[in-house]
Amino acid sequence: MEVSRAAVVLSLAALAGLAAYPLVASDFGIDLATKILIYAILALSLELLVGQTGLVCFGQAAFFGIAAYATVRFSPEYDAAAIWWLLPAAVATSAAFALVVGALSLRTRGVYFIMVTLAFSQMAYYVIHDTPIGGGTDGIYLNVPPSVAIGPVSLVDLSDPSQFYYVALAAMTGCFVLLAVVLRSRFGRALAGIRVNEQRMRAAGFPTYPYQLAAFVISGAIAGIAGFLFATKDGFVNPELLSWHLSGAALVMIILGGLGHLRGAVIGAFALSLLEELFQSREFVGGFADHWHLGLGASIIACVALLPRGLIGLPRLLRARLVGARHAGAP
Amino acid sequence: MDLATFLVQCLNSVQFGLLLFLVASGLTLIFGIMGVINLAHGSFYMIGAYMAYGLAPVVAESVGGGFFATLAFGIVLSVVAGYLLEWAFFSYLYEREHLQQVLMTYGLILVFDELRSIIVGDDVHGVPPPDWLAGSIPLGDLMSYPVYRLFISGVCILLAIGMYFVFTRTRLGMMIRAGSTNREMVQSLGIDIKILYRLVFAAGVALAALAGMIAAPVSSVYPGMGEQVLIICFVVVVIGGIGSVRGALLAALLIGAVDTFGKVLLPSAAGVLVYVLMAAILLWKPAGLFRAG
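Note that the structure is predicted; figures quoted are calculated from it, not measured. Residue positions within a chain follow its written sequence, with the count starting from 1. Numbering of ligands from 1 and lettering of chains from A proceed in the order in which they are written. Owing to the predicted nature of the model, reporting of local features is limited to residues with pLDDT of at least 70; listing and counting of side-chain atom pairs is limited to 80 or more, with chain, interface and lining totals taken over all residues.

Colleague: Help me understand the overall build of chain A, please; the structure alone is not making it clear to me.
Modeller: Along its length, chain A carries 14 helices and 4 strands. Its C-alpha atoms give chain A principal-axis dimensions of roughly 65 × 55 × 40 Å. The buried share of chain A, reckoned over its 331 residues, is 46%. Taking the intrachain contacts of chain A between residues at least 6 apart in sequence as the baseline, contacts between residues at least 24 apart amount to 73%. Each helix is a run of DSSP H or I of at least 4 residues and each strand a run of E of at least 2, with the numbering of both proceeding from the N terminus. Burial in this document is a count-based property: other C-beta atoms within 10 Å of a residue's C-beta are tallied, and the residue is buried at 20 or more, exposed at 12 or fewer, or partly exposed in between, with C-beta positions derived from the backbone. For the purpose of contact definition, each residue receives a C-beta atom placed from its backbone, and two residues are in contact when these atoms lie within 7 Å.

This is the structure:
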């Protein structure tokens, strides 16, 4: 995975822009951006599986939702839990679920894999939805957000939206860097090899199953971080966090952004959420906002038809158009 | 559960299963032959149901026909629509990654749903069955069974037989089976794979729309009906083995039975049973019950 210097510079510029954003943004803007950052973490976790390992998982929302529910369930009712144990506990729960799902699902391949992961996430959905663990359709509340403190000194106040925004930004950046490092390691190269040709990797002496399972568990854990943040942000969880609609939306994000690049996942998360927001806002589209799905659907269709490599391929496409370079379109 | 109730539930499960088969067969065809994971398939089912509701007055006025004229009209419309959709949205996607097609069909779901909302609104509608099918057959002293449900099962069985005939006995069926095994080889034998794909897609759309149309009097017509049927049809397709119509039939009957009896015997766990069944079957047979062929 070679990254051009321009991409690095642009990524750092985007990060700087995001860091400066709360200085100019409204409350609504900060809330929206925080939500998008959390979705970006979810999209990154899925990108590790789909874009890097070639395993199309259609149950990513289950890891997200389970960690969110664990966050609420593990917290004391009227007291703040310390983030130092609550976050690891929530992430461990979703990672453990990912271990079980992965260990079983990896027996299957291709579309069957997609459907088995969907089946397990639907099972989780119904367990949360129909048993006392989940508190039913209405969901459950987290009364006190976790504390981030060393001894008596509080470091961050998670109930303050702009402080929470920076926590989310740090978490997203952290996950991005972690994944970038993982993908450059020997382990990451093996995953790329499995994506391109699993048989060959096995013939070369790599036991592919443990590699894929490890990727699955890492992905579940990172989705768990997103779930933890989501539950803490709103102080509220409901079964829809585990629904296949969210799994589907995460897939749409990474495909829209451009598969095979970590940046694509982040770009896709921003693009999809902002498009949704754009078509829902009455200031921009007027009465059409009632039918915002139409605009969103049409833009997704246009993206697929016009951008074979996702949004991340847009600059190259433009360059090819402007310069007319003969080879610019080649992969 | 006494005998009459059991019998009624059996009939219900067979009827539901056959209806699922009708939707799932189109899905498995498109899936197995073209390699397209068509998330918009449920939308075609929804559109079919809305056609049964919306076309009936139009057809009655213009040709004076009843239920069957509406069905025929709807089928023609959906074949044409399927043909055009394949040309407009799918014909250039086959060389790309599968996931691009998934994204495309996801966009189509949103567009179809919203167009439906703009054109007919978001209300729930009932569609009356034709008069001569509106009665019921008495079963025992207290129970009776609506004739229209038997009619649904009958139509589905006829179509299943028809599809079996087309697949195993005709040249077109041979080409389709060959196409699902090796696309390039079929092309190199001089068969226009593009037209074949377009026809298969149109047929798949028509099957889903037909299922929606004949299901409308039983299930009523409501906005979320497409999504509901989509996931369960994917379950059917995958359990049966992708591309296998025979597998889809057996899987649909199995799912129909599990879902119907699940709702009666274990109401609290009815939703999850289907998925437990799918996970169990795929862990036992990782490529479905029947391989395509």
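Colleague: I keep staring at the interface of chain A and chain B and nothing clicks. Help me out?
Modeller: By a widely used convention, the size of an interface equals the accessible area lost when the partners come together. Of the residues lining the interface, 30 residues belong to chain A; the matching set on chain B comes to 34 residues. Of all the elements in the fold, those that place two or more residues in the side of chain A that touches chain B are α5 (110-130), α10 (244-257) and α13 (292-306) of chain A. With 10 residues, the single largest contributor to the side of chain A that touches chain B is α5 of chain A. Residues that form the side of chain A that touches chain B fall into these classes: 22 nonpolar, 6 polar and 2 charged. Residues are grouped as follows: Ala, Val, Leu, Ile, Met, Phe, Trp, Tyr, Cys and Pro are nonpolar; Asp, Glu, Lys and Arg are charged; all remaining types, including Gly, are polar.

Colleague: Teacher, can you tell me more about the nonpolar core here?
Modeller: What tends to happen in soluble globular proteins is that the nonpolar side chains get buried as a cluster. A set of buried residues drawn from Ala, Val, Leu, Ile, Met, Phe, Trp, Tyr and Cys, joined through C-beta atoms within 7 Å, is what defines a nonpolar core. Of all hydrophobic cores here, the largest spans 196 residues; its most connected members are A40, I41 and A43 of chain A together with V236 of chain B. The element contributing the most residues to this core is helix α8 (residues 193-219) of chain B, with 17 residues. Excluding its chain neighbours within four sequence positions, the residues that come into contact with I41 of chain A are A171, M172, C175, I222, I225 and A226 of chain A.

Colleague: I keep staring at the pairing of strand β3 (residues 153-156) of chain A and nothing clicks. Help me out?
Modeller: On a regular strand, one side chain projects to one face of the sheet and the next to the other, so that they alternate. All names here are of chain A. Here 3 bridges tie strand β2 (residues 148-150) to β3, and the two strands are oriented antiparallel to one another. When the bridges of β3 are listed, V148 appears paired with V156. When DSSP finds two or more bridges between two strands, those strands count as paired. Counting the residues that bridge the hairpin from β2 to β3 gives 2 residues, and of these G151 lies at a positive phi of roughly 60°.

Colleague: Can you walk me through unusual backbone geometry in this structure?
Modeller: Glycine aside, the phi torsion of most residues is negative, and most peptide linkages are trans. Even without being glycine, S220 of chain B reaches a positive phi, approximately 60°. Residue classification places S220 of chain B among the partly exposed residues on the basis of 14 C-beta atoms within 10 Å.

Colleague: What am I meant to see in the packing of helix α6 (residues 161-184) of chain A against helix α9 (residues 208-234) of chain A here?
Modeller: Helix packing for two helices is described by the angle between their axes and how far apart those axes are. Residues and elements named next belong to chain A. In the contact formed by α6 and α9, the axes pass within 11 Å of each other and the chain directions differ by 175°. The angle between α6 and α9 places the two elements in the roughly antiparallel class. Together, F164, A168, A171 and C175 of α6 and I222, I225, L229 and K233 of α9 make up the contact between the two elements. Partitioned by chemical class, the residues of the contact of α6 with α9 number 7 nonpolar, no polar and 1 charged. Whenever a helix is involved, its axis is fitted only over the stretch in contact; in every case the axis is a line through C-alpha atoms, and angles between N-to-C directions fall within 0 to 180 degrees. Between 65 and 115 degrees an angle is taken as roughly perpendicular, under 35 as roughly parallel, over 145 as roughly antiparallel, and anywhere else as oblique.

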